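Working through the structure, step by step
Spelled out from the first residue to the last, the chains are:
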Amino acid sequence: MESSRALIAARKHELIESLPEETVWLEVDPVRLAQVIANLLNNACQVHAGPGHIWLLAGIEGEEVVLRVRDDGMGISPEMLPRIFGPVFLRKSERSRSRRAGWVSA
(Lines give C-alpha, C1' and ligand atoms only; values in the text may rest on other atoms or scores of the structure.)
Protein backbone atom coordinates (compact mmCIF):
# COMPACT_ATOMS: atom_id res chain seq x y z
CA MET A 1 0.00 0.00 0.00
CA GLU A 2 2.82 2.37 0.86
CA SER A 3 4.34 2.20 -2.63
CA SER A 4 0.99 3.24 -4.15
CA ARG A 5 0.17 6.16 -1.85
CA ALA A 6 2.03 8.77 -3.96
CA LEU A 7 0.12 7.80 -7.14
CA ILE A 8 -3.17 7.68 -5.22
CA ALA A 9 -2.55 11.19 -3.85
CA ALA A 10 -1.39 12.54 -7.23
CA ARG A 11 -4.60 11.32 -8.86
CA LYS A 12 -6.62 12.82 -6.00
CA HIS A 13 -8.12 9.49 -4.98
CA GLU A 14 -8.99 8.52 -1.45
CA LEU A 15 -7.76 5.11 -0.26
CA ILE A 16 -10.19 3.47 2.14
CA GLU A 17 -8.79 0.44 3.95
CA SER A 18 -10.75 -2.26 5.72
CA LEU A 19 -8.37 -4.80 7.19
CA PRO A 20 -8.84 -7.47 9.87
CA GLU A 21 -8.23 -6.19 13.40
CA GLU A 22 -6.54 -9.40 14.47
CA THR A 23 -3.10 -10.46 13.28
CA VAL A 24 -3.32 -12.75 10.25
CA TRP A 25 -0.43 -15.12 9.54
CA LEU A 26 0.10 -15.99 5.89
CA GLU A 27 2.42 -18.44 4.22
CA VAL A 28 3.28 -16.33 1.16
CA ASP A 29 6.14 -14.74 -0.69
CA PRO A 30 6.01 -11.24 0.85
CA VAL A 31 7.63 -9.59 -2.19
CA ARG A 32 5.07 -11.10 -4.58
CA LEU A 33 2.18 -10.22 -2.28
CA ALA A 34 3.39 -6.61 -2.12
CA GLN A 35 3.64 -6.57 -5.95
CA VAL A 36 0.11 -7.93 -6.33
CA ILE A 37 -1.35 -5.35 -3.95
CA ALA A 38 0.62 -2.49 -5.53
CA ASN A 39 -0.41 -3.57 -9.04
CA LEU A 40 -4.09 -3.73 -8.09
CA LEU A 41 -3.99 -0.31 -6.42
CA ASN A 42 -1.96 1.27 -9.24
CA ASN A 43 -4.30 -0.16 -11.87
CA ALA A 44 -7.30 1.24 -10.01
CA CYS A 45 -5.57 4.66 -10.00
CA GLN A 46 -4.61 4.62 -13.65
CA VAL A 47 -7.96 3.62 -15.13
CA HIS A 48 -9.98 6.03 -13.00
CA ALA A 49 -9.58 9.68 -14.01
CA GLY A 50 -10.28 10.83 -10.46
CA PRO A 51 -10.88 12.21 -8.06
CA GLY A 52 -12.42 9.07 -6.69
CA HIS A 53 -12.30 6.35 -4.12
CA ILE A 54 -10.31 3.13 -3.97
CA TRP A 55 -11.17 0.49 -1.40
CA LEU A 56 -8.71 -2.11 -0.17
CA LEU A 57 -10.68 -4.76 1.68
CA ALA A 58 -9.20 -7.83 3.36
CA GLY A 59 -11.03 -10.40 5.40
CA ILE A 60 -10.96 -13.94 6.60
CA GLU A 61 -13.42 -16.30 4.94
CA GLY A 62 -13.17 -19.78 6.40
CA GLU A 63 -9.50 -20.72 6.18
CA GLU A 64 -8.69 -18.19 3.47
CA VAL A 65 -7.73 -14.55 3.45
CA VAL A 66 -9.63 -12.70 0.74
CA LEU A 67 -8.29 -9.47 -0.68
CA ARG A 68 -10.47 -7.15 -2.74
CA VAL A 69 -9.65 -3.88 -4.48
CA ARG A 70 -12.54 -1.79 -5.71
CA ASP A 71 -12.86 1.67 -7.18
CA ASP A 72 -15.74 3.85 -8.26
CA GLY A 73 -14.50 4.17 -11.83
CA MET A 74 -16.30 2.99 -14.96
CA GLY A 75 -15.40 -0.69 -14.42
CA ILE A 76 -14.66 -3.51 -16.82
CA SER A 77 -17.13 -4.39 -19.54
CA PRO A 78 -18.92 -7.72 -18.97
CA GLU A 79 -17.60 -9.16 -22.27
CA MET A 80 -14.01 -8.51 -21.11
CA LEU A 81 -14.35 -10.30 -17.76
CA PRO A 82 -13.83 -13.88 -19.06
CA ARG A 83 -10.59 -12.81 -20.80
CA ILE A 84 -9.09 -10.51 -18.18
CA PHE A 85 -6.68 -13.08 -16.72
CA GLY A 86 -6.11 -14.99 -19.94
CA PRO A 87 -2.69 -15.31 -21.58
CA VAL A 88 -3.26 -12.65 -24.26
CA PHE A 89 -4.36 -10.03 -21.74
CA LEU A 90 -1.41 -10.80 -19.47
CA ARG A 91 1.09 -10.65 -22.33
CA LYS A 92 -0.34 -7.35 -23.52
CA SER A 93 -0.28 -5.83 -20.03
CA GLU A 94 3.29 -7.09 -19.43
CA ARG A 95 4.45 -5.33 -22.63
CA SER A 96 2.71 -2.07 -21.82
CA ARG A 97 4.00 -2.08 -18.23
CA SER A 98 7.58 -2.70 -19.28
CA ARG A 99 7.50 0.38 -21.53
CA ARG A 100 6.65 2.71 -18.64
CA ALA A 101 9.47 4.24 -16.67
CA GLY A 102 9.98 2.56 -13.33
CA TRP A 103 8.43 -0.77 -14.24
CA VAL A 104 10.53 -3.91 -14.37
CA SER A 105 9.22 -7.03 -16.04
CA ALA A 106 9.23 -10.09 -13.82
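Above this text you will find the structure in question.
We now turn to the structure provided with this report. Note that the structure is a prediction, hence the values are computed from the model and not measured.

Residue placement: Ser 4 occurs in the segment before α1 (5-10). Residue class for Ser 4 comes out buried when judged on its relative accessible area of 0%. A polar side-chain atom of Ser 4 sits 3.0 Å from a polar atom in the side chain of Asn 42.

Working definition: an aromatic ring pair is given by the centre-to-centre distance plus the angle between the planes. Tallied over the entire structure, the rule returns 0 aromatic pairs. Seen from the ring of Trp 55, Arg 70 lies directly overhead, with NZ or CZ sitting 4.6 Å from the centre.

Below, the discussion takes up the pattern of salt bridges. Summed over the entire model, instances satisfying the criterion amount to 3 salt bridges. In this structure, Glu 2 engages Arg 5 in a salt bridge whose closest nitrogen and oxygen atoms are separated by 3.0 Å. For Arg 5, a relative accessible area of 33% gives the class partly exposed. Where salt bridges share partners, they join Glu 2, Arg 5 and Glu 17 into one cluster.

Quick notes on the rules
- Residues numbered from 1 in each chain as written.
- Predicted model: local features only at pLDDT ≥ 70, side-chain atom pairs only at ≥ 80, totals over all residues.
- Heavy atoms only, no water.
- Helix = DSSP H or I, 4+ residues; strand = E, 2+ residues; numbered from the N terminus.
- Buried < 20%, exposed > 50% of the residue type's maximum accessible area, 1.4 Å probe, protein only.
- Polar contact = N/O pair within 3.5 Å; in protein donor to acceptor, adjacent residues only side chain to side chain.
- Phe/Tyr/Trp six-rings, centres within 6.5 Å; stacked < 30°, edge-to-face > 60°.
- Lys NZ or Arg CZ within 6 Å of the ring centre and 35° of its normal.
- Salt bridge = Lys/Arg side-chain N within 4 Å of Asp/Glu carboxyl O.

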